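# Reading the structure
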Amino acid sequence: MTDLNSNAHLGLAMPVETKTLLFQVALDQSYNSVVITDANTKGDGPRIIYANPSFEKMTGYTLCELIGKSPKILQGPLTDQRVIEEMRLCIQSGTFFEGSAINYNKNGAPYNVEWSISPIKDQSGVIQNFISVQRNVTTLIAVQQKRSLLAKALNDTPDCVMITDIQNRIIFVNIGFEQLTGYKQDEVLGKEPSFLWGSKPETAPDNIESRLSNLHFQSHAPNLRKDGSKFHVDQSMANIQDDAGKVTHYVSFSKDSTDRLKQELELKDMASTDALTGLLNRRAGEQLLKQYDDMTQPANNMLCLIMLDIDNFKKINDTFGHVIGDQALKSCSQLLKSEARATDSVIRWGGEEFLIVVSNSTLKATLNFAERIRKSFELNNESTVGFVTASFGVAQMLTGESTASLLNRADKALYKAKLEGRNCVKCAKQPILF
Ligand SMILES: Nc1nc2c(ncn2[C@@H]2O[C@H](COP(=O)(O)OP(=O)(O)OP(=O)(O)O)[C@@H](O)[C@H]2O)c(=O)[nH]1
């Protein structure tokens, strides 16, 4: 409460005229808008008896237009009446008021104002006036609204947003993050994002520096949800810099790519699988062999091929029909699969022709392997078509040899097996090197 008639708060005596002049100049030059009213509680309530130039500027009214008017002239349709009611009660009870609302200037344009009202009492404690200090906060509120809009947009976007500080500790995650990971914001604040990668560091994406050097990347390493299930993301990152250009934060935007990645893998699988037998198809086999051509010696000199062809298959088709023929092919494929090691690749090379790519094996071991399969065929009494046999050609890759040459030699060995009565294994000849 302000008592202009007392010098006590100044700590020194000042002639009343000097003091009055000082206050007049101070009010006139105040950056904040100041308006003083009388203490009339009847009718429209207090009337303006003084307004400083800053108040004139804020409201658009001249001092002459303001004097004798109620400050109510500043109110309009968007003025919050609850705030006005609160103010009225404070005025009536002679207590300090502080609040904010929308007012209207002389042209009818709304502005946001923050103001306080203090009663001014005379020496006997009777309220004589009210002084109100006001500030136009329209720009401030617009900035705040914009900030909160951006924060809301960031929070509500269905993508996953995460902000980390320079120490790479999480300071913000949005609802999208919570929904994707199952973690609530409170559970992750202060943690490093790597906690999502599980306990095995080798499955984790690269560190933050390398991720930032490649601002958009797809994480093939799975992340782990709170419930332990895996998910993949397409992620892009940006660094946030202060005015001096120093990086202060990192922001990452991620999209759940689990389903897409699964579909891609399924498509890839479909493209490399033979529909009838479920074995690798020829295209996949050719790609596999190409990898060996690209390898340097001596990594490929333990590569062997087994080329095999079912004997007299045409007869099976002719006798039992194509559908039964298909079943026989499937059954043969199953047999090959069950005989092969996990490191071997079984490929349907043609109609009733198969190729087994045997890595890390000697020629002798591969010949034994082929012989074992041959015997399995021989012993396998197919319920409908009876016994089915196959002929085999085996070749081992020589130093510097191409897979095309290796295939050719295995094929010739198979041809020899057919010529020599079928149901046998033949070893490929060494090529004639010039
Ligand atoms: N049912 C079925 N038959 C196929 C398929 N692909 C190829 N064949 C048949 O396999 C037979 C292969 O016949 P040939 O090339 O004469 O060979 P073969 O009768 O096995 O005789 P040899 O190889 O000399 O022992 C043909 O009748 C083809 O139609 C298939 O996907 N399903």
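Report follows, based on the coordinates. Just so we're clear, the structure is a prediction, and the values are computed from it rather than from any experiment.

### Some points on the sheet that holds strand β3 (residues 97-104)
- Here we have 5 strands laid out as an open sheet, ordered β2-β1-β5-β4-β3, and antiparallel in their pairing. Whereas interior strands pair on both sides, the edge strands pair on one side only; in this sheet they are β2 (48-51) and β3. Each adjacent strand pair in this sheet contributes to an overall mean axis angle of 25 degrees, direction not counted.
- Relative to the sheet, helix α1 (residues 16-29) contacts β1 (33-38), β2 and β5 (127-136), its axis offset from that of β2 by approximately 75 degrees.

### Thoughts on the packing of helix α11 (residues 313-320) against helix α12 (residues 322-339)
- Here α11 crosses α12 at 135 degrees, and the two axes come no closer than 7 Å. On the basis of the axis angle, α11 is oblique to α12. Every residue of α12 that contacts α11 at Phe-313, Ile-316, Asn-317 and Phe-320 is listed here: His-322, Ile-324, Gly-325, Ala-328 and Leu-329.
- Residue composition of the contact of α11 with α12, grouped by class: 6 nonpolar, 3 polar and no charged.

### Some words on the environment of Gly-99
- Counting through the fold element by element, Gly-99 comes out in strand β3.
- Spatially, the C-alpha atom of Gly-99 lies 9.0 Å from that of Ile-117, the residues being 18 residues apart in sequence.

### Quick notes on the pattern of salt bridges
- Applying the stated rule across the entire model yields 26 salt bridges.
- The residue Glu-114 makes a salt bridge to Arg-135 at a minimum N-O spacing of 3.5 Å. Note that Glu-114 is positioned in strand β4 (residues 110-121) and Arg-135 in strand β5, a separation of 21 residues in sequence.
- According to the relative accessible area criterion, Glu-114 is partly exposed, its value standing at 35%.
- Between Lys-184 and Glu-178 there is a salt bridge, and its shortest N-O distance comes to 3.8 Å.
- The class of Lys-184 is exposed, set by a relative accessible area of 51%.
- Several salt bridges converge on common partners, so that one network encompasses Asp-234, Arg-260 and Glu-264.

### A look at the site of the ligand
- Around the ligand sit 16 residues, and of these Asn-312, Phe-313, Lys-314, Asp-326 and Arg-348 come closest.
- In the model, a nitrogen atom of the ligand is placed 2.6 Å from a nitrogen or oxygen of the Asp-326 side chain.
- Note that an oxygen atom of the ligand is positioned 2.7 Å from one of the side-chain N or O atoms of Arg-348.
- For the ligand, whose accessible area on its own is 660 Å², the fraction buried by protein is 68%.
- Of all elements in the fold, only β11 (304-310), α11 and α12 reach the threshold of two or more residues within the shell around the ligand.
- By residue number, the principal contributor to the shell around the ligand is α12, which donates 4 residues.
- Per-class residue counts for the shell around the ligand are 3 nonpolar, 5 polar and 8 charged.

### A look at the packing of aromatic side chains
- For the structure shown, the criterion picks out 3 aromatic pairs.
- Between the aromatic rings of Tyr-183 and Phe-195, the centroid separation amounts to 5.0 Å while the plane-to-plane angle is 75 degrees, which identifies the pairing as edge-to-face. With a gap of 12 residues between them, Tyr-183 in the loop between α6 (175-181) and α7 (185-188) and Phe-195 in the loop between α7 and α8 (208-213) connect regions that are remote in the sequence.
- Both rings, one in Phe-377 and one in Phe-392, keep their centres 6.4 Å apart while their planes meet at 70 degrees; by these two values the pair is edge-to-face. Placement of the pair is Phe-377 in helix α13 (residues 363-379) and Phe-392 in strand β16 (residues 390-396), with a sequence separation of 15 residues. Judged on exposure class, the residue Phe-377 and its partner Phe-392 are both buried.
- Directly above the ring of Phe-195 sits Lys-191, whose terminal nitrogen or CZ lies 4.9 Å from the centroid.

### What about the pairing of β4?
- Counting buried positions along β4 gives 9 out of 12 residues, so the element sits mostly inside the fold.
- In this structure, β3 lies alongside β4, joined through 8 bridges in antiparallel fashion. Residue pairing across strands places Asn-103 opposite Tyr-111, the latter belonging to β4.
- Counted along the chain from β3 to the antiparallel partner β4, the turn is 5 residues long, and its residue Gly-108 has a positive phi close to 90 degrees.
- Where β4 meets β5, 9 bridges bridge the pair, whose relative direction is antiparallel. When the sheet's bridge partners are listed, Lys-121 is paired in β5 with Ile-127.
- Count of turn residues in the β4/β5 antiparallel hairpin: 5 residues, of which Gly-125 carries a positive phi of about 85 degrees.

### Quick notes on the pairing of β1
- Burial of β1 is extensive: 5 of the 6 residues sit out of reach of the surface.
- Bridge count for β1 against β2 is 3 bridges, and the pairing is antiparallel. Paired with Ile-36 across the bridge in β2 is Tyr-50.

Conventions adopted
Residues numbered from 1 in each chain as written. Predicted model: local features only at pLDDT ≥ 70, side-chain atom pairs only at ≥ 80, totals over all residues. Heavy atoms only, no water. Pairing = 2+ DSSP bridges. Helix = DSSP H or I, 4+ residues; strand = E, 2+ residues; numbered from the N terminus. Axes fitted to C-alpha atoms, helices over the stretch in contact; angles between N-to-C directions. Contact = heavy atoms within 4.5 Å. Parallel < 35°, antiparallel > 145°, perpendicular 65-115°, else oblique. Nonpolar A, V, L, I, M, F, W, Y, C, P; charged D, E, K, R; others polar. Salt bridge = Lys/Arg side-chain N within 4 Å of Asp/Glu carboxyl O. Buried < 20%, exposed > 50% of the residue type's maximum accessible area, 1.4 Å probe, protein only. Near = heavy atom within 4 Å. Polar contact = N/O pair within 3.5 Å; in protein donor to acceptor, adjacent residues only side chain to side chain. Areas by Shrake-Rupley, 256 points an atom, 1.4 Å probe, with all protein chains shown as cover. Phe/Tyr/Trp six-rings, centres within 6.5 Å; stacked < 30°, edge-to-face > 60°. Lys NZ or Arg CZ within 6 Å of the ring centre and 35° of its normal.

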